[in-house]
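Each chain is listed here by its residues.
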Amino acid sequence: MAGTNHNGKRPSDSGGGKPSLRFTIPSEYAAGRDVQKQILDGVAANGFNDQSTFAIKLALEEALINAIKHGNKLDPKKTVKIAAKVTPKVCEIEIEDQGPGFSRSDVPDPTLEENIEKCSGRGILLIEAYMDKAKWDLGGRRLKMSKKNAPGK
Amino acid sequence: MSETMPPLSVTTLKDVRIVEFTNSKILDEANIADIGATLNTLIDERPQPKLLLDFATVEHLSSAALGMLINVNNRVKQKNGQLRLANIGPHILEVFVITKLNKLFRIATTRTEALASYNT
């Protein structure tokens, strides 16, 4: 379910009025995949290299699943808001859920020996590793992340 | 979202079950559950299962897929079996390195190298 596109200026606008993508979706994986595809279409249209495209795809997948599954707990009454802006230089994404939020420092390090055989808990690590910037605010309910289209990154 | 093609193809060489992923992205939740169920069946059919997962066609995966693979690894270990991963492309290998799962799994460069690494 795609939202409407706006031409509204965003505070982080650096690309001279390129439209941003905005979506409000139900807490369903299929809706998340649709958003992922539309943002990745924008990434492809702006000529991002393979490495950056892989990074954005992976981080977006993890962030949407976190919002839908861990944030909103698949509650059909809750929605996820997504805003994305892609220019040839950078891709910026914001994802906000209606869950209880979380504290980054409470998330255990999945690379430690005592956690390495656990089947979950790697999404945040991957988001932080693959994006240039990733920061949670609103008590952990909103993630702002960005990736530059730079070779070798 | 169900796929028309099954997500795995399984062949056998001596006593090793070789599994190939037939879908380039193993990240869809339903797909991951299917793959996990099929791999568990393969683990259950032998007392000490030998499993080789060939990643040649895999272009993408998510943390949910990693979770499924860890679960498979744990089950293989419980039965004193042997699990090998092979043919992992550079993008996917980086995911294993970042998560340090390259230290948990036995990863071989090629299928031949993986097959040669099983203890009898």
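The structure contained in this document is the topic of the report that follows. Every chain is numbered independently, its residues counted from 1 as its sequence is written. Here every chain gets a letter starting at A, and every ligand a number starting at 1, in the order they are written. Side-chain atom pairs in this predicted model are given and counted only at pLDDT of 80 or more, local residue features only at pLDDT of at least 70, and totals for whole chains, interfaces and linings cover all residues.

Here we look at the overall build of chain B
Keep this limit in mind: In this description a helix means any DSSP run of H or I spanning at least four residues, a strand means any run of E spanning at least two, and both kinds are numbered starting from the N terminus. Only C-alpha atoms enter the radius of gyration, while the globule expectation follows 2.2 Å times N to the 0.38, with N the number of residues. Counting other C-beta atoms within 10 Å of its own, a residue is labelled buried from 20 upward, exposed at 12 or fewer, and partly exposed in the gap between, with every C-beta atom placed from the backbone. The contact criterion used is a C-beta to C-beta distance within 7 Å, with each C-beta placed from the backbone.
Looking only at helices and strands, chain B features four helices and seven strands. When the helices and strands of chain B are listed from N to C terminus, the series reads β-β-β-α-β-β-α-β-α-β-α. Here the C-alpha radius of gyration of chain B, 13 Å, is about what a compact globule of 120 residues would show, namely 14 Å. Expressed as lengths along the three principal axes of its C-alpha atoms, the size of chain B is roughly 40 × 30 × 25 Å. Taken across its 120 residues, chain B has 35% of its residues classed as buried. Long-range pairs, those at least 24 residues apart, make up 71% of the contacts in chain B between residues at least 6 apart in sequence.

Regarding helix H2 (residues 50-71) of chain A
Residue and element names in this part refer to chain A. Defined as follows: Expected helix span is computed as 1.5 Å times (number of residues minus one).
Here H2 spans 30 Å end to end across 22 residues, near enough to the 32 Å set by a 1.5 Å rise per residue. Counting buried residues along H2, 16 of its 22 residues qualify, which places the element largely inside the surrounding structure. Just downstream of H2 lies Lys73, where phi reads positive at about 50 degrees.

Overview of the pairing of strand E1 (residues 21-26) of chain A
All names here are of chain A. Definition in use: The criterion for strand pairing is that DSSP finds at least two bridges linking the strands in question.
Residue alternation in E1 divides its side chains into a buried set, Leu21, Phe23 and Ile25, and an unburied set, Arg22, Thr24 and Pro26. Strand direction decides the pairing type here: E1 and strand E2 (residues 79-86), joined by six bridges, are antiparallel. Bridged to Pro26 within E2 is Thr79.

Thoughts on unusual backbone geometry
Residue and element names in this part refer to chain A. Positive phi values are uncommon outside glycine, yet Lys73 reaches one of about 50 degrees. One can find Lys73 in the loop between H2 and E2. We classify Lys73 as partly exposed; it has 13 C-beta atoms within 10 Å.

Some remarks on the sheet that holds E1 of chain A
Residues and elements named next belong to chain A. Spelled out, the test is: Fitted lines through C-alpha atoms serve as axes, helices being fitted only where they are in contact, and the angles separating the N-to-C directions of these axes extend from 0 to 180 degrees.
One open sheet holds the five strands; their spatial order is E1-E2-E3-E5-E4, and the pairing between them is antiparallel. Edge positions in the open sheet fall to E1 and strand E4 (133-137), since each of these has one partner strand only. Shown here is a sheet whose adjacent strand axes are inclined to one another by a mean of 15 degrees, direction ignored. On top of the sheet, helix H1 (residues 29-45) reaches E1, E2 and strand E3 (90-96); it is set at about 165 degrees to E1, its chief contact.

Brief notes about the packing of helix H1 (residues 29-44) of chain B against helix H2 (residues 63-78) of chain B
All names here are of chain B. Heads up, the condition is: What sets the label is the angle itself: under 35 degrees gives roughly parallel, over 145 gives roughly antiparallel, 65 to 115 gives roughly perpendicular, and the rest give oblique. Residue classes follow a fixed rule: Ala, Val, Leu, Ile, Met, Phe, Trp, Tyr, Cys and Pro count as nonpolar, while Asp, Glu, Lys and Arg count as charged, and any other residue, Gly among them, counts as polar.
Interhelical geometry of H1 versus H2 gives an angle of 10 degrees and a closest axis separation of 10 Å. Here H1 lies roughly parallel to H2, going by the angle between them. Two secondary-structure elements touch here, H1 through Glu29, Ile32, Ile35, Gly36, Leu39, Asn40 and Ile43 and H2 through Ala64, Ala65, Met68, Asn71, Val72, Arg75 and Val76. Looking at the contact of H1 with H2 residue by residue, the classes come out as nine nonpolar, three polar and two charged.

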